[in-house]
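# Structural features, examined
In case you want the letters, here they are:
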Amino acid sequence: YDMGAAVSVQSLVPYWKRHQVNLVLDYGAGNLRNSCYLQEQGFQVVVVETPEHFGKIQDKICRYRLPGIVSPAIAYFRLEADLVLANFVLNTIKKEAERREIISNVYHNLKAGGFFLVEVTEKNERYPQKGFSEEELDSLVGEWGFRKTMVLRRRGLLGIQYCK
């Protein structure tokens, strides 16, 4: 795969293994770099993407034999995942209602005690209209009652792991 997995994902693998994470939902899986990496690390991965994007990644999905669910359908599933990843998904979505719908879908597909890792571009002084602050993410995710377990920052990226 093209780019290797996100640093946050690579660094959290030992932690997730210690916490018996097996089923991972990669929500907005993009070019599948995290999905493929996690599958190679022994996790069971399910890909969630838009119908349009599935067309672009179909070959790779088949090659890695990754199960996929189109994003409009995920609302009807209750997957009881151990971990949901949302890497730069919230960044790309402008509408507040759609962001909340994603968090709702994450919540309903995560088992009690499961983890939710959100990664976004961190808001800064230079680009105040881009990205999220930690407080903004907390308030978006917090209304579902998630607890924050970890904050990761590097080079303008903000990763927060929550627990249901």
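Counting restarts for each chain: residues are numbered from 1 in the order of the written sequence. Per-residue local features are limited, in this predicted model, to residues with pLDDT of at least 70; the limit for side-chain atom pairs, both in listing and counting, is 80 or more; totals at the level of whole chains, interfaces and linings are taken over all residues. Side-chain figures throughout are based on the complete set of non-hydrogen atoms in the structure, without hydrogens or water.

### Looking at the packing of aromatic side chains
Geometry of aromatic contacts follows a simple scheme: Phe, Tyr and Trp rings, the Trp one being its six-membered ring, pair when their centres are within 6.5 Å, and the pair is stacked under 30 degrees between planes, edge-to-face over 60, tilted otherwise. Tallied over the full model, the rule gives 6 aromatic pairs. Taking 5.7 Å as the distance between ring centres and 90° as the angle between the ring planes, the aromatic pair formed by Tyr107 and Phe146 counts as edge-to-face. Taken together, the residues span a long stretch of sequence, with Tyr107 in helix H5 (residues 96-108) and Phe146 in the loop between helix H6 (134-142) and strand E6 (147-154) at a distance of 39 residues. Burial here depends on accessible area, computed with a 1.4 Å probe over protein chains only, as a share of the maximum for the residue type. Under 20% is buried, over 50% is exposed, and the range in between is partly exposed. The class of Tyr107 is partly exposed, set by a relative accessible area of 24%. Exposure remark for Phe146: the relative accessible area of 9% places this residue in the buried category. Measuring from centroid to centroid gives 5.5 Å for Phe116 and Phe146, while their planes differ by 45°, and the two rings are tilted. Note that Phe116 is positioned in strand E5 (residues 110-121) and Phe146 in the loop between H6 and E6, a separation of 30 residues in sequence. Each helix is a run of DSSP H or I of at least 4 residues and each strand a run of E of at least 2, with the numbering of both proceeding from the N terminus.

### Considering the pattern of salt bridges
Salt bridge, as applied in this entry: a Lys or Arg side-chain nitrogen positioned within 4 Å of an Asp or Glu carboxyl oxygen. Within this structure, the stated rule accounts for 8 salt bridges. Members of the salt-bridge network, linked through shared partners, are Glu122, Glu134, Asp138, Lys148 and Arg153.

### What about the packing of helix H1 (residues 7-18) against helix H2 (residues 33-40)?
It is the contact of H1 with H2, at a shortest axis distance of 11 Å, that shows an interaxial angle of 35°. Handedness of the H1/H2 crossing: right-handed. Listed contacts from H2 to Val9, Gln10, Val13 and Trp16 of H1 are Asn34, Tyr37 and Leu38. Charged means Asp, Glu, Lys or Arg here, nonpolar means Ala, Val, Leu, Ile, Met, Phe, Trp, Tyr, Cys or Pro, and polar covers whatever is left, Gly included. Of the residues assigned to the contact of H1 with H2, the class counts are 5 nonpolar, 2 polar and no charged. To get an axis, a line is fitted to the C-alpha atoms, and for a helix only the part in contact is used. The angle between two axes follows their N-to-C directions and goes from 0 to 180 degrees. Crossing handedness is read from the near helix: turned anticlockwise from the far helix by less than a right angle, it gives a left-handed crossing, and turned clockwise, a right-handed one. Contact between two residues is taken to exist if any of their heavy atoms lie within 4.5 Å; hydrogens are not considered.

### Details of the sheet that holds strand E2 (residues 44-49)
Reading across from one edge, E3-E2-E1-E4-E5-E7-E6 is the order of the 7 strands in this open sheet, with mixed pairing throughout. Every interior strand has two partners, whereas the edge strands, strand E3 (68-70) and E6, have only one. On average, adjacent strands in this sheet sit at an angle of 20° to one another, irrespective of strand direction. Bridge analysis of E2 against E3 gives 3 bridges, and the strand direction is parallel. A pair of strands counts as paired when DSSP detects no fewer than two bridges linking them.

### Section: the side chain of His53
With respect to the element layout, His53 can be found in helix H3 (residues 51-64). A distance of 2.9 Å separates a polar side-chain atom of His53 from the backbone oxygen of Gly30. Polar contacts, as counted here, are pairs of nitrogen or oxygen atoms within 3.5 Å of one another; within protein the pair requires one atom able to donate a hydrogen and one able to accept it, and residues that are adjacent in sequence qualify only if both atoms are side-chain atoms.

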